[in-house]
Amino acid sequence: MFSSLKVRNYRLFATGQVVSNVGTWMQRIAQDWLVLVLSHNNPVALGIAAALQFLPTLLFSLWAGVLADRLDKRKLLVAVQAGLACCALVLGLLDVTGVVQVWHVYVLCFVLGTFSAVEVPVRQSFVAEIVGRAQVANAVALNSTSFNLARIVGPAIAGVMITLVGTGWLFLGNALFTVAVIAGLLLMDPAKLILGPKVPRAKGQLLEGLRYVWGRKDILTVMVLVFFVSTFGMTFFVTLAVVAANVFGRNADGYGLLSTTLAIGTLAGALWAVRRSSRGKPRTRLLLGSALAFGLLEVLVGFMPTYASFAVALIPVGLCLMTFMTTANSTVQLSVAPEMRGRVMGLYMLVFVGGNPLGAPMVGWMADEWGGRSPFVVGGAIAALTAVVSGLVLFRRGGIQRPVTGWGRLLLRRPGYARGGPKSPLAS
């Protein structure tokens, strides 16, 4: 299960990520709650803050993928992590001194999002250089495990700390925790990294990456599925705070508990992904099935009548969500040429996060107009429908291999189905 941890460089990387992720989730909860307090529980303001934080991904993640293919990823990550620490430090100082206003949070959300837009695709593509192609699936699953372990610990700590000392000290704590990532990166042995071919600076490299994905219909279908599930289904950064405050009348600790129960499910999904990583390439059926199950369960969560039932129902939602996320990430990384990995992961993060500037304000408006439960019902239905459509597309193109005879073969006319014919890289 933990074969990637045999690599010293990955141990340093993973240790720094665990510490930093706890601080990131503490800041995530504190930031959401601070916006709600400053805006008098206005869900639209929370949606705007989320949109500003994710907007830079829409603007810059493709270029970040180009930088990842050109530059030393480790040195680039050190610089970006320093920028993230500065953002947390500034917001913390504004908050603890009592001068923070909503527009301060908006500006820092955009700056923080700009650094994150560069950091995420570089970090995602850097994993393969740390552990090698054979261990990519295991490393991705372990990264998800540490992220979701922090997702349990961070919100739980944040909920208590906000009640005791306010939100400002959590931002300052995150600035300190980010130093752990920088230390881990600096302590790595560069000679033991499995470096991919560096792409020399040239015109048209961004378009080259887009053309590559467009020519790979299997990867393109996965990215379309990721876009719809992320944009309309994975809106918990807005919806959980709104449900806690406006539907169930809870305070910050109630919001933190909802985030923690969701994280219990995502941690279980990440651990399951770690065990599955030894079985080879992820299966397309698992990708589609987890997306469908996530959408249906999210709809069900929207109808939970009590706070307790709502919180418990988030656990299987989190499990299916993390299964989908790790399967999609591993599928794309293992299907792409090494020299294109940075640009493809930049595009992956664009579709994964870039829809949030659209989805976050829409979810805030929906919660304001139709009630705090409505985003769960609508978002879950869209995610489930997209999974069904994506499955039909891959099935028609041979992306899901299963015996079809007689009328089934005649109706589907699947290319390459005959014995010995070509199979999709996503064939399962």
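Residues numbered from 1 in each chain as written. Predicted model: local features only at pLDDT ≥ 70, side-chain atom pairs only at ≥ 80, totals over all residues. Heavy atoms only, no water.

**Q** Quick question: what am I supposed to make of the overall build of the protein chain here?
**A** Per the secondary structure count, the protein chain includes 16 helices and zero strands. When the 428 residues of the protein chain are sorted by exposure, 59% land in the buried category. Of the contacts formed within the protein chain by residues at least 6 apart in sequence, a portion of 85% connects residues at least 24 apart. Accessible surface for the protein chain amounts to roughly 17,600 Å². Of this, 69% is attributable to carbon and sulfur atoms. (Helix = DSSP H or I, 4+ residues; strand = E, 2+ residues; numbered from the N terminus. Buried < 20%, exposed > 50% of the residue type's maximum accessible area, 1.4 Å probe, protein only. Contact = heavy atoms within 4.5 Å. Areas by Shrake-Rupley, 256 points an atom, 1.4 Å probe, with all protein chains shown as cover.)

**Q** Even after reading the chapter, I still don't get the packing of helix α1 (residues 8–38) against helix α5 (residues 136–165), so can you show me in this structure?
**A** To describe two helices that pack against each other, one gives the angle between their axes and the distance between the axes. Following both chains from N to C, one finds α1 and α5 inclined at 40 degrees, their axes separated by 7 Å at the closest point. Relative to α5, α1 is oriented oblique. At the point where α1 passes α5, the crossing takes the right-handed sense. Of the residues that constitute the contact of α1 with α5, the class distribution is 18 nonpolar, four polar and one charged. (Axes fitted to C-alpha atoms, helices over the stretch in contact; angles between N-to-C directions. Parallel < 35°, antiparallel > 145°, perpendicular 65-115°, else oblique. Left-handed = near helix turned anticlockwise from the far one by under 90°. Nonpolar A, V, L, I, M, F, W, Y, C, P; charged D, E, K, R; others polar.)

**Q** Help me understand the side chain of E119, please; the structure alone is not making it clear to me.
**A** Take E119: it is sitting in helix α4 (residues 102–131). Under the relative-accessibility criterion, E119 is labelled buried at 6%.

**Q** Help me out: how do you make sense of the nonpolar core in this one?
**A** Taken as a class, soluble globular proteins show a tendency for nonpolar side chains to be buried jointly. Residues M223, L240, L258, F294, F310 and Y348 are the most contacted members of the largest nonpolar core, which totals 89 residues. Among the elements that make up this core, the one with the highest residue count is helix α12 (residues 307–335) (13 residues). Beyond its immediate sequence surroundings of up to four residues, Y348 is in contact with M223, V226, M325, A328, N329 and V332. Among the nonpolar cores identified, the runner-up in size contains 29 residues, and L84, V122, V127 and I130 belong to it. (Core = buried A, V, L, I, M, F, W, Y, C linked by side-chain atoms within 4.5 Å.)

**Q** Please explain empty space enclosed by the protein as it appears in this structure.
**A** The gaps left among the atoms become clear once a water-sized probe is rolled over them. Going through the model one piece at a time under the given rule, you end up with two cavities of 30 Å³ or more. If you add up the space inside the second largest cavity, you get close to 30 Å³. Lining the second largest cavity, in full, are Q27, Q31, C87, L91, L108, C109 and L112. If you list the elements that add at least two residues to the lining of the second largest cavity, you get α1, α3 (73–96) and α4. The greatest single-element share of the lining of the second largest cavity, amounting to three residues, is contributed by α4. Along the lines of polarity and charge, the residues of the lining of the second largest cavity split into five nonpolar, two polar and no charged. (1 Å grid on protein atoms, 1.4 Å probe; cavity = no way out; pocket = protein on both sides within 12 Å on 5 of 7 lines; lining within 4 Å. Points joined across faces, edges and corners; volume = space filled by probe spheres on them.)

**Q** Got a minute to help me understand the packing of aromatic side chains in this structure?
**A** Two measures describe an aromatic ring pair: the distance that separates the ring centres and the angle between the ring planes. Going through the model one piece at a time under the given rule, you end up with eight aromatic pairs. Ring geometry for F248 versus Y307: centroids 5.7 Å apart, planes at 80 degrees, classification edge-to-face. Taken together, the residues F248 in the loop between α9 (236–247) and α10 (252–276) and Y307 in helix α12 connect sequence positions 59 residues apart. Summarising the burial analysis for this pair, F248 and Y307 share the class buried. Chaining the aromatic ring pairs together yields one cluster made of F248, Y307, F310 and F376. (Phe/Tyr/Trp six-rings, centres within 6.5 Å; stacked < 30°, edge-to-face > 60°.)

**Q** Even after reading the chapter, I still don't get helix α13 (residues 341–353), so can you show me in this structure?
**A** Compared with an ideal rise of 1.5 Å per residue, which puts 13 residues at 18 Å, α13 spans 18 Å between its outermost C-alpha atoms and is within 8% of the ideal. The buried fraction of α13 is high, at 13 of 13 residues. (Expected span 1.5 Å × (residues − 1).)

**Q** Hey, could you run me through the state of the cysteines in this one?
**A** Disulfide: a covalent bond connecting the sulfur atoms of a pair of cysteines. Within the structure shown, the criterion is met by zero disulfides. Counting only cysteine sulfurs, C86 is the nearest neighbor of C87, a cysteine outside any disulfide, at a range of 7.1 Å. (Disulfide = S-S within 2.5 Å.)

**Q** Quick question: what am I supposed to make of the environment of A139 here?
**A** By the element assignment, A139 lies in helix α5. According to the relative accessible area criterion, A139 is buried, its value standing at 0%. A139 sits 135 residues away from S4 along the chain, and the two C-alpha atoms are 5.8 Å apart. The contacts of A139, once residues within four sequence positions are left out, are S4, Y10, V127 and V131.

**Q** It is not clear to me how the pattern of salt bridges should be interpreted in this structure. Could you clarify?
**A** A side chain with one charge may pair with a side chain of the opposite charge, provided their charged atoms come close. Scanning all chains against the criterion turns up three salt bridges. Linking E129 and K73 is a salt bridge whose minimum nitrogen-to-oxygen distance equals 2.8 Å. Residue E129 is found in helix α4, and its partner K73 is found in helix α3; the two are separated by 56 residues along the sequence. No difference in accessibility class separates E129 from K73, as the two residues are buried. Between E119 and R123 there is a salt bridge, with the nearest N and O atoms lying 2.6 Å from each other. Remark: R123 and E119 occur in helix α4; sequence separation between them is four residues, near one turn of the helix. (Salt bridge = Lys/Arg side-chain N within 4 Å of Asp/Glu carboxyl O.)

Distances and angles like these do not, on their own, reveal function.
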